[in-house]
Amino acid sequence: MMTIKEQQDRIIEDFEVFGDWMEKYEYIIQLGKDLPLIDPKYKTDDNLIRGCQSKVWLHAELADGKLVFTADSDAVITKGLVGLVIQVLSGQTPKDIAEADIYFIDAIGLTSHLSPTRSNGLLSMLKQIKLYAIGYQAKSLQN
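Residues numbered from 1 in each chain as written. Predicted model: local features only at pLDDT ≥ 70, side-chain atom pairs only at ≥ 80, totals over all residues. Heavy atoms only, no water.

It is not clear to me how helix α3 (residues 76–89) should be interpreted in this structure. Could you clarify?
For an α-helix, the turn length of 3.6 residues means that residues three or four places apart are oriented alike. Taking 1.5 Å per residue as the helical rise, α3 with its 14 residues ought to reach 20 Å, and the 20 Å between its terminal C-alpha atoms agrees with that figure. Just beyond α3, the residue with positive phi is G91, at close to 90 degrees. (Helix = DSSP H or I, 4+ residues; strand = E, 2+ residues; numbered from the N terminus. Expected span 1.5 Å × (residues − 1).)

Please clarify how the packing of helix α2 (residues 21–34) against α3 should be interpreted in this entry.
Following both chains from N to C, one finds α2 and α3 inclined at 75 degrees, their axes separated by 7 Å at the closest point. Of the possible angle classes, the one that applies to α2 and α3 is roughly perpendicular. Contacts between α2 and α3 involve Y25, I28, I29, L31 and G32 from the first element and V76, I77, K79, G80, L81, L84 and Q87 from the second. Classifying every residue of the contact of α2 with α3 by side-chain character gives eight nonpolar, three polar and one charged. (Axes fitted to C-alpha atoms, helices over the stretch in contact; angles between N-to-C directions. Parallel < 35°, antiparallel > 145°, perpendicular 65-115°, else oblique. Contact = heavy atoms within 4.5 Å. Nonpolar A, V, L, I, M, F, W, Y, C, P; charged D, E, K, R; others polar.)

For this particular structure, what's the right way to read the pairing of strand β2 (residues 66–73)?
Both faces of the sheet carry side chains from a regular strand, because those side chains alternate between them. Sheet topology places strand β1 (residues 56–63) next to β2; eight bridges connect them, and they run antiparallel. Along β2, the bridge assignment pairs A63 with K66. Connecting β1 to the next strand, β2, in antiparallel fashion are two residues, including D64 with a positive phi near 55 degrees. (Pairing = 2+ DSSP bridges.)

Teacher, can you tell me more about the nonpolar core here?
The nonpolar side chains of soluble globular proteins are, as a tendency, buried together. The biggest cluster of nonpolar side chains holds 41 residues, and the ones touching the most others in it are F69, L89, F104 and L110. For this core, the elements supplying multiple residues, two or more each, are α1 (4–16), α2, β1, β2, α3, α4 (94–99), α5 (104–107) and α7 (116–142). Ranked by the residues each element gives to this core, the list is headed by α3, at eight residues. Those residues in contact with L110 that lie beyond four places of it in its chain are W21, I28, L81, L84, I105 and L122. (Core = buried A, V, L, I, M, F, W, Y, C linked by side-chain atoms within 4.5 Å. Buried < 20%, exposed > 50% of the residue type's maximum accessible area, 1.4 Å probe, protein only.)

Dropping the structure here:
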């Protein structure tokens with residue numbers, strides 16, 4: 001399993017291959033299509049990410065001490081964005097996720113190529129994932 005840093009570095013390398021932003025958007029859309037399907041029972045209001053213009057559902061589950069995320073969205077670009085974030089953070093420990101420095105978004109130029117509402121939505125996704133990590137970390141400290 002790659003570390004969060006290694007995952008981010010790989011994404012940065014992947015994006016360097018593309019010449020323009022149309023190709024990068026196509027890649028993001030493809031990531032969304034490749035996103036493992038979330039179980040329909042998790043597409044609830046409780047799993048909706050607040051702050052996203054599109055509907056984004058995010059579910060977290062702890063398995064063998066690592067957080068595993070599944071997600072879906074009703075918008076193709078947004079689904080690709082959540083796919084990118086999950087690619088980096090899913091399968092990591094709550095502690096590593098909570099403490100992670102997420103730098104790939106700026107490094108690939110994503111924030112400057114998204115609309116303000118999509119940028120806010122992306123930040124909301126990251127915030128929710130970190131909140132899940134902090135919650136699971138606190139739970140494990142209680143046990």
